[in-house]
Amino acid sequence: MTCIKAHPAAVFGFIAPFWIITLFPFFRRIFIKGGGAALAAAELIGLFIIFLQAYLRARALEIEITETRLVIKKGVFIKGETVIKKHNVSCLSFKTNPILWLLSAETVSIDTEAGKKHKSEHKMLIKRADATALRSALGLCEGIKSFKMGAKRVTLMAAAVSSAAVGVLVAVPAINRIGRVLDKSFAGKIIETVRSGALFSSAFAAISLLFLFFYAVSFIFLLIRNISMQIGLTAETIYIGAGIFPRRRTYFKKESVGSIVLEQRPIIRLSGRYIIKVGVAGYGGRRDDSVIVPVARKSEVEPFLRHIFSLERPNGGITPARHLKYRFIRWRMLFSAAVPAAIYFLGCAFPVLWPLSAPLSVIILISLLYFLSLGFLNSRTARLSKSGDYLFAAGVSGFRVKEFFCRRERVGMFLIRRYPTDIRKKTAILKIETRNENSEKMKVKYISYLAAQEYCKGFWKQQ
């Protein structure tokens, strides 16, 4: 049996929640004069308790490794033990930064299918040598050969995946902290500047600049996070490394992969390339980190699928009837006509909004026309089929073109939905949802209702 203890620096992780309290004596001496010996003694006792609980909690952390399981122990007064079968570990991640590198330490995250969405189940700061021992014990580091993904691939992926919304999530916390330090409201300052017109000639320019700013923040964040990306392969294991400082390394077994997605976002689609993503508990999260190949050319997709997962795109399958193409575009056509018109009349009704109506109508119309083209594409590419032990589905999801593979035992459920038109036309919308914490979803629209039923019945019979 091997026993891995927490790194001594783990003590600081348990002190961190109380950092403001540890600084109280320092600030008291600057801003509050006096207080007497009793207050000083209370401060020392409080600091002693904080450091003692941190020390005891760090000492109690350990991972026991046997031939078949991991036992994660923690707790001082209330002891806790988590027992995990080695085979059930879906993902093992290691993160480091300049400080941890100098301390010869790494933060390890251990995940299983039973974990919470977008949150690591077990985190622990351990020595670098112990990290190597843990990987060896789980058979995740022997014989891995890494292949670097070029900077162009990572840059194109970051440009395609980035969004102003992600930029807001990344930038706003930092902006708020700066605002607290300066004792000013950043949002109020922006509104005041826009109203005064001192910086922007129009509200549209202000909104456009803010949108570009947050998009740039998102792009830079994702580029730094995924720079120097590499993938390593063995017969059973996949290794993903990305970033510089901080850098993360993730190991998972191929059998832990529940789904594979070939995705085309607008920028990627224009270049005729794909992003290859996987569904593994503990890998990825809210910011599209589940990528294993940042950008693949059309000619590279089949070799990647064959080499990594022994998969091929299937031929044939269940497709929508050709005479139903109008159903893929009818609502898109309606929105393409109605939304710009609504914005125009809104500008007429409220003249103060008029400077925004024309450029906003053009942008929305271009987006809706692209959305309309995806409707035509979906009518031609929507398909439901099988590829060995994998379910295969293709179609359009929002602004994304997707091809979706899901391991048979990882399919969580089928949902067959029929609207009044579907009942008359004997069609259905089939929704597939995977059985893992990331819960990847896929819809195949307007296929034959009877064919969808037969597919679901046959699919479960084969298990």
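Now for a look at the structure at hand.

Basis of the calculations
Residues numbered from 1 in each chain as written. Predicted model: local features only at pLDDT ≥ 70, side-chain atom pairs only at ≥ 80, totals over all residues. Heavy atoms only, no water. Core = buried A, V, L, I, M, F, W, Y, C linked by side-chain atoms within 4.5 Å. Buried < 20%, exposed > 50% of the residue type's maximum accessible area, 1.4 Å probe, protein only. Contact = heavy atoms within 4.5 Å. Helix = DSSP H or I, 4+ residues; strand = E, 2+ residues; numbered from the N terminus. Expected span 1.5 Å × (residues − 1). Phe/Tyr/Trp six-rings, centres within 6.5 Å; stacked < 30°, edge-to-face > 60°. Lys NZ or Arg CZ within 6 Å of the ring centre and 35° of its normal. Pairing = 2+ DSSP bridges. Axes fitted to C-alpha atoms, helices over the stretch in contact; angles between N-to-C directions. Salt bridge = Lys/Arg side-chain N within 4 Å of Asp/Glu carboxyl O.

Moving on, we get to the nonpolar core. Counting residues in each nonpolar core, the largest one holds 41 residues, and the members touching the most others are Phe252, Ile260, Val278, Tyr283, Ile292 and Phe309. For isoleucine 260, the contacting residues outside a window of four places in its chain are Ile276, Lys277, Val278, Leu305, Phe309, Leu311, Tyr390, Glu403, Phe404 and Phe405. In this structure, Ala9, Ile84, Leu92 and Tyr239 belong to the second largest nonpolar core, which totals 32 residues.

Counted at 1.5 Å a residue, the expected span for helix H13 (residues 325-349) with its 25 residues is 36 Å, and the 37 Å between its end C-alpha atoms agrees. What H13 keeps buried is the set Arg327, Phe328, Ile329, Arg332, Ser336, Pro340, Ile343 and Gly347.

Taken as a whole, this structure holds 10 aromatic pairs when the rule is applied. Between phenylalanine 252 and tyrosine 283, the ring centres sit 5.4 Å apart and the planes meet at 40 degrees, which makes this aromatic pair tilted. Pair noted here: phenylalanine 252 is in strand E11 (residues 247-253) and tyrosine 283 is in the loop between strand E13 (273-279) and strand E14 (291-297), with a separation of 31 residues, a long-range link. Tyrosine 283 shares its class with phenylalanine 252; the two are buried. Seen in terms of ring centroids, tyrosine 370 and phenylalanine 399 are 6.1 Å apart; in terms of plane orientation they differ by 0 degrees. Their pairing is stacked. Placement of the pair is tyrosine 370 in helix H14 (residues 354-381) and phenylalanine 399 in the loop between strand E16 (390-397) and strand E17 (400-407), with a sequence separation of 29 residues. Through a chain of ring-to-ring contacts, the aromatic side chains of Phe94, Tyr239 and Tyr251 assemble into a single cluster. Sitting over the face of the ring of tyrosine 274, arginine 313 holds its NZ or CZ atom 5.5 Å from the ring centroid.

Both faces of strand E9 (residues 230-233) are covered, namely the face carrying Gln230 and Gly232 and the face carrying Ile231 and Leu233. As defined by bridge partners, strand E8 (residues 145-148) adjoins E9 across four bridges and the pair is classed as antiparallel. The residue of E9 that forms the bridge with lysine 145 is leucine 233. Bridge count between E9 and strand E10 (residues 237-243): four bridges; the pairing is antiparallel. By the bridge assignment, isoleucine 231 is partnered in E10 with isoleucine 240. In sequence, E9 turns back onto E10 through a hairpin of three residues.

In this section: the sheet that holds E13. Strand order in the open sheet made by the six strands is E14-E13-E12-E17-E16-E15, with antiparallel pairing throughout. Edge positions in the sheet fall to E14 and strand E15 (383-387), since each of these pairs with one other strand and no more. Sheet twist, expressed as the average angle between the axes of neighbouring strands with direction ignored, equals 20 degrees. In terms of strand pairing, E13 meets E14 through four bridges, oriented antiparallel. Each bridged residue has a counterpart across the sheet, and for isoleucine 276 the counterpart in E14 is valine 293. Along the sheet, helix H7 (residues 151-161) contacts E13 and E14; its crossing angle with E14, the most-contacted strand, is approximately 100 degrees. Against the sheet, helix H12 (residues 298-309) contacts strand E12 (259-264), E13, E14 and E17, and its axis sits at roughly 145 degrees relative to E14.

The next subject is the pattern of salt bridges. Side chains that differ in sign of charge can pair as their charged atoms come close. Summed over all chains, the structure comprises 17 salt bridges. For the salt bridge of arginine 306 with glutamate 312, the shortest nitrogen-to-oxygen distance reads 3.4 Å. By relative accessible area, which is 44% here, glutamate 312 ends up partly exposed. When the shortest N-O distance is used, the salt bridge between arginine 327 and aspartate 422 registers 2.9 Å. Of the two residues, arginine 327 is situated in helix H13 and aspartate 422 in helix H15 (residues 420-425); the sequence distance between them amounts to 95 residues. What makes arginine 327 buried here is its relative accessible area of 3%.

Next up on the list: the sheet that holds E9. Spatially, the seven strands line up as an open sheet ordered E7-E6-E5-E11-E10-E9-E8, and their pairing is antiparallel. The outermost strands of the open sheet, each flanked by one partner alone, are strand E7 (122-127) and E8. Between one strand axis and the next, the sheet turns by 20 degrees as a mean value, whatever way the strands run. Of the strands in this sheet, strand E5 (89-96), strand E6 (105-112), E7 and E11 touch helix H6 (residues 128-137), which is tilted by about 120 degrees from E7.

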